[in-house]
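# Fold and geometry: a report
Each chain, letter by letter, is given below.
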Amino acid sequence: MPFPFKDCSSLLLFSSDAGGGPGANFLYHAGAEVDSSVLLWTKAGKTLLTPKMNERQARALFRGRVVPLGPGQMVPVLKRLLPRGKIGLDLESLSASRHLRLAKALGGQKRLVDVSGKLEVMRSVKKNDEISRIRRAVSISKDILHSITLSPSMTELDVVRQLARECLEQRVSFAYPPIVAAGAASGQPHHSPVAKRLGTGVVLIDFGVKYKNYCADLSRCYFIGPAMEERQRYEEAKGVFHSIVDNLPACRTAGELVRMGDKLMEKAGWPPLIHAPGHGIGLEVHEGPHIYSKSNEKLVPNMVMALEPAFYCAKFGVRYENEVVWGKKKARVL
């Protein structure tokens, strides 16, 4: 890929983000997970600056020039390698302290340009191998969800431990901290699991794993005892989800998707949704396209979204969430 930025002459991406995890844009453009490293991208190509202890790993994984560094060499080497002109940064993933240090070391704030929006747009349309990795993450997540067993005496935290054990067996990790919400707690979209017994009624589980750095995000509901109203609403949620998928190719923008989903949920007799009906997914659980009512972001083939129609009331909540690949003529559920 040629250097894609017109408003800067170089791009710096860091292998760790402000939250301490691997930087998604670094993973995407370096094509490798090498800690404590910096990717320098210019019109001349890509260079990976990495500590000497990581040199062997970097040369095995990174397709490009590798520069091993000793202690204290990062800034002097960057100054030598950076071309004149503006420097692009992913400010969405940088901590404020790193941003300030870079400004001080590399010629002041005026030399730095935020290109995080452009970077996210570049990642929003997935390549076929990315879709395959998401599909595999979804498949593993579904297998784990199918394997769990629930009983009234178990607690929400017991279920989380069961999910964690299954992840270890499958040699994968959580894509995000799972949600396990029983009874009235299922009406809280981001409930944190506690040592509360499941009892009878609905148990909502929001869970996904990472496979080769790509994420899955699924929501499923399970029932202990009759729970007739909860079961009915969950069947409605499945119906709304599939109706959204069927109508998705007619939507040109993320905003149109939201309005279409709102109409379908209103038709089902549901109250207005208290969160977005979905989000983009890939290297991060939440990434572009961003799905909200006023969005003019265009939907194009090979965007992957987690769509999650949901019903919430004071007594319980249900949610049905799956990954969907957008296409011109048909949307596919992964």
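In this report, we go over the structure that sits alongside the text. Just so it is clear, the model here is predicted, and its values are computed rather than measured.

Right, let's get into the nonpolar core. Counting 37 residues, the largest nonpolar core has Leu163, Ile205, Phe207 and Val209 as its most contacted members. Counting only elements with at least two residues in this core, the list comes to α1 (24-30), α6 (128-147), α7 (156-170), β8 (179-182), β9 (201-207), β11 (214-215) and β12 (218-224). In contact with leucine 163, not counting residues within four places along its chain, are Ile144, Leu145, Ile148, Phe174, Pro178, Val180, Ile205 and Phe207.

The next point concerns the pattern of salt bridges. Tallied over the entire structure, the rule returns 11 salt bridges. Among the ionic pairs, arginine 123 bridges to glutamate 284, the shortest N-O distance being 2.9 Å. Here the residue arginine 123 occupies a position in helix α5 (residues 116-124), and glutamate 284 occupies one in the loop between β13 (278-280) and β14 (304-307), the gap between them amounting to 161 residues. According to the relative accessible area criterion, arginine 123 is buried, its value standing at 3%. Linking lysine 315 and glutamate 229 is a salt bridge whose minimum nitrogen-to-oxygen distance equals 3.1 Å. Of this pair, lysine 315 sits in the loop between β15 (310-312) and β16 (317-319) while glutamate 229 sits in helix α8 (residues 228-247), and the two are 86 residues apart along the sequence. Residue class for glutamate 229 comes out partly exposed when judged on its relative accessible area of 34%. If you follow the salt bridges from partner to partner, you end up with Arg123, Lys126, Glu284 and Glu287 in one network.

With that out of the way, let us pick up the sheet that holds β12. Sheets are built from strands paired through backbone hydrogen bonds, the pairs being either parallel or antiparallel. Taken in spatial order, the three strands make up an open sheet running β8-β9-β12, and their pairing is antiparallel. Of all the strands in the sheet, the pair left with one neighbour each is β8 and β12. Pairwise comparison of adjacent strand axes, ignoring direction, gives a mean angle of 15 degrees for this sheet. Its contacts with the sheet place α7 against β8 and β9, and it is angled at close to 150 degrees to β8. Packed onto the sheet, α8 meets β9 and β12 and runs at close to 155 degrees relative to β12.

Moving on to the side chain of glutamate 230. Along the polypeptide, glutamate 230 turns up in helix α8. The buried charged residue glutamate 230 lacks any salt bridge, with lysine 315 as its nearest oppositely charged partner at 6.9 Å.

With that settled, the discussion passes to the environment of phenylalanine 14. Of note, phenylalanine 14 is situated in strand β1 (residues 10-14). Separated by 26 residues in sequence, phenylalanine 14 and leucine 40 have C-alpha atoms that sit 9.1 Å apart. If we skip the residues at most four places from it in the chain, phenylalanine 14 touches Gly23, Phe26, Ser37, Val38, Leu89, Leu94, Arg98 and Leu102.

Scanning the entire structure with this criterion turns up nine aromatic pairs. On the basis of an interplanar angle of 70 degrees and a centroid distance of 5.5 Å, the ring pair of phenylalanine 3 and phenylalanine 5 is categorised as edge-to-face. In terms of burial, phenylalanine 3 and phenylalanine 5 fall into one category: buried. Considering the side-chain rings of phenylalanine 241 and tyrosine 320, the 5.4 Å spacing of their centres and the 85 degrees angle between planes classify their relative orientation as edge-to-face. With phenylalanine 241 in helix α8 and tyrosine 320 in the loop between β16 and β17 (322-325), this pair connects stretches of sequence that are 79 residues apart. The class for tyrosine 320 is buried, based on a relative accessible area of 11%. Among the aromatic residues, ring-to-ring pairing joins Phe223, Tyr234, Phe241 and Tyr320 into one connected group. One residue, lysine 46, lies across the ring of tryptophan 41, its end atom 4.4 Å from the ring centre. A cation over an aromatic ring shows up here: arginine 233 above the ring of phenylalanine 311, its NZ or CZ 4.3 Å from the ring centre.

Thresholds, definitions, all that
Residues numbered from 1 in each chain as written. Predicted model: local features only at pLDDT ≥ 70, side-chain atom pairs only at ≥ 80, totals over all residues. Heavy atoms only, no water. Core = buried A, V, L, I, M, F, W, Y, C linked by side-chain atoms within 4.5 Å. Buried < 20%, exposed > 50% of the residue type's maximum accessible area, 1.4 Å probe, protein only. Helix = DSSP H or I, 4+ residues; strand = E, 2+ residues; numbered from the N terminus. Contact = heavy atoms within 4.5 Å. Salt bridge = Lys/Arg side-chain N within 4 Å of Asp/Glu carboxyl O. Pairing = 2+ DSSP bridges. Axes fitted to C-alpha atoms, helices over the stretch in contact; angles between N-to-C directions. Lys, Arg positive; Asp, Glu negative; His and termini not counted. Phe/Tyr/Trp six-rings, centres within 6.5 Å; stacked < 30°, edge-to-face > 60°. Lys NZ or Arg CZ within 6 Å of the ring centre and 35° of its normal.

The quantities given are spatial measurements derived from coordinates; they are silent on function.
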